[in-house]
Amino acid sequence: MTTEADVPWLDQVRWDAQGLVPAIAQEAATGDVLMLAWMDREALQKTAELGRAVYFSRSRGKLWFKGEESGHVQTVHEIRLDCDADVVLLRVTQQGHEPGIACHTGRHSCFFSVLKGGQWQAVDPVLKDPASIYK
């Protein structure tokens, strides 16, 4: 197993006060922005090692292997760091459904609401009932 001492690139990331960095998942094939989640050092290291997205769940206070409950795994093709070193971009293929479902609402992307006429309106369809995804 690789230790943090073996991966000095982790020190180049500007972690926030909680030791986290925002991570954007972008579909490699289409460029669609699928979701934003958070990573700690261990999550980013595991993502690089495994080639699958691993995040840090702030609500659960632990690592979250994307798709561990839903089967909607994200295969990671590339990991990028922004110019300020404080945002990670994952170029992924969303697995588990066609088209891929990244959002816990059963939609392709978490960014399904558009501001129209002073109100947020859901414009993307639910591809699968969340009740059938999370048991």
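The structure under discussion appears in the preceding block.
Note that the structure is a prediction, hence the values are computed from the model and not measured.

S.K.: Explanation requested: the layout of surface pockets in the structure shown.
M.R.: Gaps left between atoms show up when a probe the size of a water molecule is rolled over them. Considered as a void within the structure, the largest pocket measures approximately 420 Å³ in volume. Going through the elements one at a time, strand E2 (33-39) and strand E3 (54-57) are the ones with two or more residues in the lining of the largest pocket. Sorting elements by how many residues they give to the lining of the largest pocket places E2 first, with 4 residues.

S.K.: I keep staring at the nonpolar core and nothing clicks. Help me out?
M.R.: Where a protein is soluble and globular, its nonpolar side chains tend to be buried together. Counting residues in hydrophobic clusters, the biggest one holds 21 residues, and the most contacted among them are Met35, Met39, Tyr55, Val88 and Leu90. The set of elements that each furnish at least two residues to this core consists of strand E1 (21-27), E2, helix H1 (41-50), E3 and strand E6 (88-94). Examining the composition of this core, we find that 4 residues originate from one element, E2, more than from any other. Setting aside its immediate chain neighbours within four residues, methionine 35 contacts Ala23, Ile24, Ala25, Tyr55, Trp64, Lys66, Gln74, Ala102, Cys110 and Phe111.

The rules we used
Residues numbered from 1 in each chain as written. Predicted model: local features only at pLDDT ≥ 70, side-chain atom pairs only at ≥ 80, totals over all residues. Heavy atoms only, no water. 1 Å grid on protein atoms, 1.4 Å probe; cavity = no way out; pocket = protein on both sides within 12 Å on 5 of 7 lines; lining within 4 Å. Points joined across faces, edges and corners; volume = space filled by probe spheres on them. Helix = DSSP H or I, 4+ residues; strand = E, 2+ residues; numbered from the N terminus. Core = buried A, V, L, I, M, F, W, Y, C linked by side-chain atoms within 4.5 Å. Buried < 20%, exposed > 50% of the residue type's maximum accessible area, 1.4 Å probe, protein only. Contact = heavy atoms within 4.5 Å.

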